Amino acid sequence: MAITAAPQAPGKPGRPMPSYAAGPKQRTSLGRKVRDNLTGHAFLIGAVLCFVVFSWYPMVRGVVMSFQRTRRGETTWVGWDNYSRLLADPSFWPAWKNTFYFTLLALVLGYAVPFFVAILLNEFRHAKGYLRILVYLPVMLPPASALYLFKFYAYDPSEAGLFNAILKALHLPTSQWMQSPDMTMPAMVIASTWMNMGGAVLIYLASLQNIPGELYEAAELDGAGIWKRIRHVTIPQTRLILALLAMIQIVATMQLFIEPLILANGAGAEDSATTVAYLIYQHGFFQNDLNGAAALGVLMLVVLAGFSAVYVRLTAKQD
């Protein structure tokens, strides 16, 4: 049997010539890495393009339009004139006042209620799944449908309305609800809280279930009642989630629009429901003042950016 010697490297007898060709296994692994990277970058590029087209470009375009004026197809730079016109608008300051008032009421009622509902649900031992579905059900309803339900059924100013019927059964004075300037904002907060609290309740429940049970047992051994356990155990253990949802609540409620549009037909009694978002809608679609609407949108962007900066600063100190 003939034996074939291995190829020799030139000038170095006795040593086999090295092979630089990659084997099929190496080529397959390299191709898989390239394909994985291409797929990941394709998804990333798609997400970035969506942000650029639908978020960043409209924001930049709105800032540019706020310093312009468009008349009969001609656009001119007017500097701060659009902002000066807004400050002279008699509806400008009442809209901000109503917006901040709604945000404050939403933090008092709409922010606290989901947290305590989550604590209550967390104490149940049976039917937890059913109760979660029941709490989350209003979120699945279209907002317009839910608000029309409140407008024509719950907030009916006659005694046939649901809330007035409850007040009458309790021998309490009834209310005109959306027809009353004093009750417009509280009524909208109640409707908004009922519609949107389901998501917050589920987030709070997930956070509560991650709290070690030993902390509650130690608190009970020290004689702490339910309120002290909530104050000294539950709230400290969920403070980051509470801070995050507070920021989300402020940003969402500052953009209040659909509630006054449907419940109060826009401005409400004595302009008690006019908000900044609704004022933007009026400038853009009723007064055909897109530049003024853009300027008002920029002002809201600055205010919300200020709230976000405060939130980042406070959470950074907590960390």
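First things first, this report covers the structure right here in the doc. (Residues numbered from 1 in each chain as written. Predicted model: local features only at pLDDT ≥ 70, side-chain atom pairs only at ≥ 80, totals over all residues. Heavy atoms only, no water.)

Let us look at helix 5 (residues 128-140). The terminal C-alpha atoms of helix 5, which comprises 13 residues, lie 19 Å apart, in line with the 18 Å expected from a rise of 1.5 Å per residue. Maximum bend of helix 5: about 30 degrees, positioned at Leu-134, with proline Pro-138 one to four residues after it. Within the span of helix 5, buried status applies to Leu-131, Val-135 and Pro-138. Of the surrounding secondary structure, the elements contacted by the buried residues of helix 5 are helix 4 (112-123) and helix 8 (184-208). (Helix = DSSP H or I, 4+ residues; strand = E, 2+ residues; numbered from the N terminus. Expected span 1.5 Å × (residues − 1). Bend = angle between axes of the 7 residues up to and from the residue. Buried < 20%, exposed > 50% of the residue type's maximum accessible area, 1.4 Å probe, protein only. Contact = heavy atoms within 4.5 Å.)

On the secondary structure map, His-283 appears in helix 13 (residues 276-286). The residues contacting His-283, other than those within four sequence positions of it, are Leu-86, Asp-89, Asn-288, Asp-289, Leu-290 and Ala-293.

Attention now moves to the packing of aromatic side chains. Taken as a whole and assessed by the stated rule, the structure comprises 22 aromatic pairs. Look at Phe-67 and Trp-80: their rings are 5.1 Å apart centre to centre, the planes differ by 85 degrees, and that puts the pair in the edge-to-face class. Highlighted residues: Phe-67 in the loop between helix 1 (24-65) and strand 3 (68-71) and Trp-80 in the loop between strand 4 (74-77) and helix 2 (81-88), separated in sequence by 13 residues. Of the aromatic side chains, those joined through ring pairs into one cluster are Phe-150, Tyr-155, Phe-163, Trp-177 and Trp-194. (Phe/Tyr/Trp six-rings, centres within 6.5 Å; stacked < 30°, edge-to-face > 60°.)

Where helix 3 (residues 92-110) meets helix 4, the closest approach of the two axes is 5 Å, and the angle between their N-to-C directions is 10 degrees. Classed by the angle they form, the pair helix 3 and helix 4 counts as roughly parallel. Counting all contacts with helix 3, which are made through Leu-107, Val-108, Leu-109 and Gly-110, the residues of helix 4 involved are Ala-112, Val-113 and Pro-114. Per-class residue counts for the contact of helix 3 with helix 4 are six nonpolar, one polar and no charged. (Axes fitted to C-alpha atoms, helices over the stretch in contact; angles between N-to-C directions. Parallel < 35°, antiparallel > 145°, perpendicular 65-115°, else oblique. Nonpolar A, V, L, I, M, F, W, Y, C, P; charged D, E, K, R; others polar.)

This part covers the layout of surface pockets. Quantified by volume, the largest pocket comes out at close to 480 Å³. Around the largest pocket, the lining is made up of 24 residues, and of these Ser-192, Asn-196, Gln-249, Ala-252 and Thr-253 lie nearest the centre. Secondary-structure elements contributing two or more residues to the lining of the largest pocket are helix 3, helix 8, helix 11 (239-254) and helix 12 (258-263). Top element by residues in the lining of the largest pocket is helix 8. It accounts for nine residues. (1 Å grid on protein atoms, 1.4 Å probe; cavity = no way out; pocket = protein on both sides within 12 Å on 5 of 7 lines; lining within 4 Å. Points joined across faces, edges and corners; volume = space filled by probe spheres on them.)

A word on the environment of Asn-291. Of note, Asn-291 is situated in helix 14 (residues 290-318). Owing to a relative accessible area of 3%, Asn-291 belongs among the buried residues under this scheme. For the pair Asn-291 and Asp-81, spaced 210 residues apart in sequence, the C-alpha to C-alpha distance is 10.0 Å. With residues up to four places along the chain from it excluded, the contact list for Asn-291 reads Met-65, Ser-66, Gln-68, Arg-69, Thr-70 and Asn-82. Among the polar contacts listed, one links the side chain of Asn-291 to the backbone nitrogen of Thr-70, at a separation of 3.0 Å. (Polar contact = N/O pair within 3.5 Å; in protein donor to acceptor, adjacent residues only side chain to side chain.)

With respect to the secondary-structure elements, Leu-86 resides in helix 2. Overall, the relative accessible area of 1% leaves Leu-86 in the buried class. In the structure, Leu-86 is positioned 197 residues away from His-283 in sequence and 10.0 Å away in space, judged by C-alpha atoms.

Our next topic: unusual backbone geometry. Of note in this structure, Trp-177 is not a glycine but carries a positive phi near 55 degrees. Within the fold, Trp-177 resides in the loop between helix 7 (162-169) and helix 8. Even without glycine at this site, Asn-288 takes up a positive phi of about 55 degrees. Within the secondary structure layout, Asn-288 lies in the loop between helix 13 and helix 14.

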